[in-house]
Amino acid sequence: MPFTHTSSLMTELDALGSAIPPRSAGRWRPDDHEVGIVLVSMAADKFDWSETDIAGDESHQARRRSAAQRVLLTHCLRPDADDYELLGVRADASQDQIRDAYRRMIALVHPDSSPVGFPLDAASRVNLAYSTLGDVAKRAAYDEAQSTAESATSAALMTPRPRNSAGRGAPPARQFRFRASRKALLWLAALSVIPAAA
């Protein structure tokens with residue numbers, strides 16, 4: 001999977017050029033803790049280029065910055081990204097690493113920084129991700145829920161689907177759950193009290 005090692009990141013960004021990076025089949029899980037740091041720093045134009053092969057080449061730096069922004073868009077900020085992906089961290093990141101990653105990512109996508117090309121809801125999604133992962137208890141519950149969901153998904157993939165008469169798998173049954181808002185519940189309670197009072 002590309003964009004997971006810092007050792008090959010620069011080469012992969014150069015190879016990407018102006019193309020849209022291919023979306024990974026599963027979750028984006030960097031192998032190095034620094035991958036997210038480097039991508040966000042480049043995308044925010046806060047990367048120190050002095051130690052790289054393109055130290056004085058501003059046009060090449062701009063191309064890598066643009067490629068880093070596209071990688072973040074397709075790997076970290078996509079609509080179905082999980083909380084770890086939204087912050088650009090590994091699942092085993094320390095609380096300090098999560099806090100630092102949040103600060104970098106929110107500085108990049110916050111509306112006050114006038115981000116270009118990122119989703120309009122990126123800042124609110126990054127804030128929600130940090131509100132979960134920044135709290136140890138919430139993070140543990142989130143990890144447990146993710147683990148359970150992944151286990152259920154893999155079990156469902158291994159279970160053969162029943163066949164219909166045409167030989168194709170039957171479509172999954174849809175379940176709808178109604179979740180009433182607090183305001184709606186209060187109105188229902190008030191309406192049920194009025195006849196009782198009369």
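Note that this is a predicted model, so its numbers are computed, not measured. (Residues numbered from 1 in each chain as written. Predicted model: local features only at pLDDT ≥ 70, side-chain atom pairs only at ≥ 80, totals over all residues. Heavy atoms only, no water.)

Novice: How should I be thinking about the nonpolar core in this particular structure?
Specialist: One recurring pattern in soluble globular proteins: nonpolar side chains tend to sit buried together. Among the nonpolar cores identified, the biggest contains 41 residues, and L39, L87 and V109 are the most heavily contacted of them. Mapped by element, the contributors of at least two residues to this core are α1 (6-16), α2 (34-43), α3 (58-76), α4 (83-87), α5 (95-109) and α6 (122-133). Apart from residues lying up to four places away in sequence, V109 is in contact with L77, P115, F118, A122, A123 and V126. (Core = buried A, V, L, I, M, F, W, Y, C linked by side-chain atoms within 4.5 Å. Buried < 20%, exposed > 50% of the residue type's maximum accessible area, 1.4 Å probe, protein only. Helix = DSSP H or I, 4+ residues; strand = E, 2+ residues; numbered from the N terminus. Contact = heavy atoms within 4.5 Å.)

Novice: Is there a simple way to explain α1 in this structure?
Specialist: What sets the pattern is the α-helix's 3.6 residues per turn: residues three or four places apart point alike. Listed as buried for α1 are L9, M10, L13 and L16. For α1, the buried positions fall inside an angular range of 130° around the axis, keeping them on one side. Exposed side of α1, more than 90 degrees from the buried face: S7, T11 and A15 are the residues found there. Lining the buried residues of α1 we find α2 and α3. At the C-terminal side of α1, G17 shows a positive phi close to 60°. (Arc of directions from axis to C-beta.)

Novice: Looking at this model, I keep getting lost on unusual backbone geometry. Mind explaining?
Specialist: A positive phi angle, near 60°, is found at D45, a position not held by glycine. With respect to the helices and strands, the residue D45 is situated in the loop between α2 and α3. On the accessibility criterion, D45 (48% relative accessible area) is partly exposed.

Novice: Can you walk me through the side chain of Q61 in this structure?
Specialist: For Q61, the location among the structural elements is in helix α3. For Q61, a relative accessible area of 11% puts it in the buried group. Polar contacts involving the side chain of Q61 include one to the main-chain carbonyl oxygen of I54, which spans 2.9 Å. Not counting residues up to four positions away in its chain, the partners in contact with Q61 are W49, I54, A55 and G56. (Polar contact = N/O pair within 3.5 Å; in protein donor to acceptor, adjacent residues only side chain to side chain.)

Novice: Would you mind going over the packing of α2 against α5 with me for this structure?
Specialist: Two quantities define a packed helix pair, namely the angle between the axes and the distance from one axis to the other. Between α2 and α5, the least distance of the axes is 10 Å, while the angle of their chain directions is 25°. When the axes of α2 and α5 are compared, the pair comes out roughly parallel. For the element pair α2 and α5, the recorded crossing hand is left-handed. On α5, the residues that touch I37, V40, S41 and A43 of α2 are R104, M105 and L108. (Axes fitted to C-alpha atoms, helices over the stretch in contact; angles between N-to-C directions. Parallel < 35°, antiparallel > 145°, perpendicular 65-115°, else oblique. Left-handed = near helix turned anticlockwise from the far one by under 90°.)

Novice: Explain the pattern of salt bridges to me, please; I cannot follow it from the model alone.
Specialist: Close approach of charged atoms allows side chains with opposite charge to pair. Summed over the entire model, instances satisfying the criterion amount to twelve salt bridges. For the salt bridge of R27 with D82, the shortest nitrogen-to-oxygen distance reads 3.9 Å. Of this pair, R27 sits in the loop between α1 and α2 while D82 sits in the loop between α3 and α4, and the two are 55 residues apart along the sequence. Between D80 and R78 there is a salt bridge, and its shortest N-O distance comes to 2.7 Å. (Salt bridge = Lys/Arg side-chain N within 4 Å of Asp/Glu carboxyl O.)

Novice: What is the right way to read the packing of aromatic side chains from this model?
Specialist: Given two aromatic rings, their pairing is described by the distance between the two centres and the angle made by the two planes. Evaluated as defined, the whole model comprises three aromatic pairs. Ring centres of Y84 and Y142 lie 6.1 Å apart, and the angle between their planes is 55°; this geometry places the pair in the tilted category. Of this pair, Y84 sits in helix α4 while Y142 sits in helix α7 (residues 136-158), and the two are 58 residues apart along the sequence. Y142 shares its class with Y84; the two are buried. Both rings, one in Y102 and one in Y130, keep their centres 4.2 Å apart while their planes meet at 10°; by these two values the pair is stacked. With a gap of 28 residues between them, Y102 in helix α5 and Y130 in helix α6 connect regions that are remote in the sequence. Residue classification places Y102 among the buried residues on the basis of a relative accessible area of 17%. (Phe/Tyr/Trp six-rings, centres within 6.5 Å; stacked < 30°, edge-to-face > 60°.)

Novice: What's the story with the confidence of the model for the chain in this structure? I'm lost.
Specialist: Detailed reading of the predicted model is not advised wherever pLDDT is low. Of all residues in the chain, 79% have pLDDT values of 70 or greater, and the mean over the chain is 82. Within the chain, α6 carries the highest mean pLDDT (95), whereas helix α8 (residues 182-197) carries the lowest (69). (pLDDT = per-residue confidence, 0-100.)

Novice: Help me understand the environment of L77 in this model?
Specialist: Note on placement: L77 falls in the loop between α3 and α4. The class for L77 is buried, based on a relative accessible area of 1%. Among residues more than four places away in sequence, those in contact with L77 are L72, L86, V109, F118, P119, A122, R125 and V126.

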